[in-house]
Amino acid sequence: MNIFVGGTDTSAATIIWAMTGLIKTPNAMKKVQEEIRDQVGNKGRVDEDDLGKLPYLKAVLKETLRLYPPTPLLLPRETMKSCVIEGYEIQPKIIVYVNAWAIARDAEYWENPTEFWPERFLNSSVDIKGQDFEFIPFGSGRRNCPGMSLGLATVELALANLLYSFDWELARGMKAEDIDTDVLPGITMHKKNALCLVPRNYLCT
Ligand code: HEM
C-alpha cells in the first residue's frame with residue numbers, strides 16, 4: 001500500500017509538471033528533445049540503458065522537482081525533544097512541516113528562482129539526494145523517501161519516451177503564457193487545471 005500511495009501519485013504529478021515547465025519554455029523543450037533523439041537514434045524507444053547519456057533530461061527533471069516538488073511540505077513529522085532553530089524554541093511532540101517548496105525558490109540560494117532554467121544544474125554539485133538542504137524534494141535524513149531511485153528512474157523513462165516519440169503542441173488558440181501553474185490543495189501538489197497538449201507522432205513524420 002505504501003508503494004502505491006507514495007509512488008504513483010508523486011511520479012504522475014512530476015511528469016505533468018515537467019511537461020508544463022517544458023511547454024512554457026520552448027528552448028528547453030527543443031534542447032531536451034534534440035538530446036534524446038541524437039543519443040537514442042532511430043531504434044523507436046528509449047530504454048533504461050539510454051538514460052545515462054541524457055544529462056539535460058536529468059537537469060530538466062531536477063528543475064521540475066525544484067519548482068514543482070510533488071510533496072511541497074514533505075510529510076508531517078513530530079519532534080522527539082525540544083530544540084532551538086535560529087532563536088525559535090520548538091517543543092517536544094510538536095508536528096512540524098518543512099516547506100521544501102519555499103526553500104527551493106529562496107533567492108538567497110537560487111539565481112532567478114522562479115525561472116524554469118534546467119541549465120542551472122548542468123555544472124552544479126547540487127544534488128537531489130538530501131545532502132544539499134536548499135533542494136530536498138525527497139526530504140532528508142533517515143526518514144527521507146525510500147522510493148527515490150525507483151521514482152527517478154520511472155519518471156525519467158516515461159518522460160524520455162514522451163519527448164522522444166512525440167512533438168508537443170498547444171491546443172488551437174492557446175499560447176504558452178495561457179498555461180497556468182495553479183495547484184489543488186492536498187499533500188501531493190497536483191495541477192489544478194488539466195494540462196491539454198496535442199501530440200504529433202515524430203517517429204512517423
Ligand atoms: C518523484 C517521485 C517521488 C517523490 C518526489 C517523493 C517524495 C517523497 C517525500 C518528500 C517524502 C517525505 C520525506 C521526508 O519527510 O523527509 C517521501 C516519503 C515516502 N515515499 Fe516518496 N517520493 C517519490 C516516489 C516514491 C516511490 C516511487 C515510492 C515507493 C515505491 C515512495 C515511497 C515513499 C514512502 C513509503 C515514504 C514514507 C517514508 C517514511 O516515512 O519513512 N516514494 N517521498
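Rules behind the numbers
Residues numbered from 1 in each chain as written. Predicted model: local features only at pLDDT ≥ 70, side-chain atom pairs only at ≥ 80, totals over all residues. Heavy atoms only, no water. Helix = DSSP H or I, 4+ residues; strand = E, 2+ residues; numbered from the N terminus. Rg over C-alpha atoms; globule rule 2.2 N^0.38 Å. Buried < 20%, exposed > 50% of the residue type's maximum accessible area, 1.4 Å probe, protein only. Contact = heavy atoms within 4.5 Å. Areas by Shrake-Rupley, 256 points an atom, 1.4 Å probe, with all protein chains shown as cover. Lys, Arg positive; Asp, Glu negative; His and termini not counted. Charge placed at Lys NZ, Arg CZ, Asp CG, Glu CD. Core = buried A, V, L, I, M, F, W, Y, C linked by side-chain atoms within 4.5 Å. Phe/Tyr/Trp six-rings, centres within 6.5 Å; stacked < 30°, edge-to-face > 60°. Lys NZ or Arg CZ within 6 Å of the ring centre and 35° of its normal. Near = heavy atom within 4 Å. Polar contact = N/O pair within 3.5 Å; in protein donor to acceptor, adjacent residues only side chain to side chain. Nonpolar A, V, L, I, M, F, W, Y, C, P; charged D, E, K, R; others polar.

Student: Please give an account of the overall build of the chain that cites residues and values.
Tutor: Helix and strand content of the chain: five helices and six strands. The N-to-C order of helical and strand elements in the chain reads α-α-α-β-β-β-β-α-α-β-β. A compact globule built from 205 residues would reach a C-alpha radius of gyration of about 17 Å, and the chain, at 18 Å, matches this within 12%. Projected onto its principal axes, the C-alpha coordinates of the chain cover approximately 65 × 40 × 35 Å. Looking at the chain residue by residue over its 205 residues, the buried ones come to 37%. A separation of at least 24 residues holds for 69% of the contacts in the chain among residues at least 6 apart in sequence. Element-wise, carbon and sulfur atoms account for 56% of the exposed surface of the chain, whose accessible area totals about 12400 Å². Averaging the locations of the 23 positively and 27 negatively charged side chains of the chain gives two centres separated by 4 Å.

Student: Which residues make up the nonpolar core, and what are the values?
Tutor: Grouped together as the largest cluster of nonpolar side chains are 41 residues, with contacts concentrated most on L22, V32, I36, V46, L57 and L163. Once residues lying within four places of it in the same chain are set aside, the contact partners of L163 are M19, L22, M29, V32, Q33, I36, R37, L57 and W168.

Student: How would you summarise the packing of aromatic side chains if you had to cite specific residues and measurements?
Tutor: The final tally for this structure, using the stated rule, is five aromatic pairs. With a centroid separation of 6.1 Å and 75° between ring planes, the pair formed by W110 and F135 is classed as edge-to-face. In this pair, W110 sits in the loop between α4 (100-103) and α5 (148-165) while F135 sits in the loop between α4 and α5, placing the two residues 25 residues apart along the sequence. For the pair shown, W110 and F135 are each scored as buried. Seen from their ring centres, F166 and W168 are 5.6 Å apart, and the 65° between their planes marks the pair as edge-to-face. Among the aromatic residues, those joined into a ring-pair cluster are W110, F121 and F135. Taking NZ or CZ as reference, R37 lies 3.4 Å from the ring centre of Y202, over its face. The positively charged end of R66 is found above the aromatic ring belonging to W110, 5.2 Å away from the centroid.

Student: Which residues make up the site of the ligand, and what values go with them?
Tutor: Every one of the 23 residues lining the ligand counts as a neighbour, but T71, R77, P137, R143 and C145 are closest to it. Between R77 and the ligand, the recorded distance is 2.8 Å, taken from a side-chain N or O atom to an oxygen atom. Measuring from an oxygen atom of the ligand, one finds a side-chain N or O atom of R143 at 2.5 Å. Those elements that provide at least two residues to the shell around the ligand are α1 (2-23) and α5. The element that contributes the greatest number of residues to the shell around the ligand is α1, accounting for seven residues. Considered class by class, the residues forming the shell around the ligand number nine nonpolar, twelve polar and two charged.

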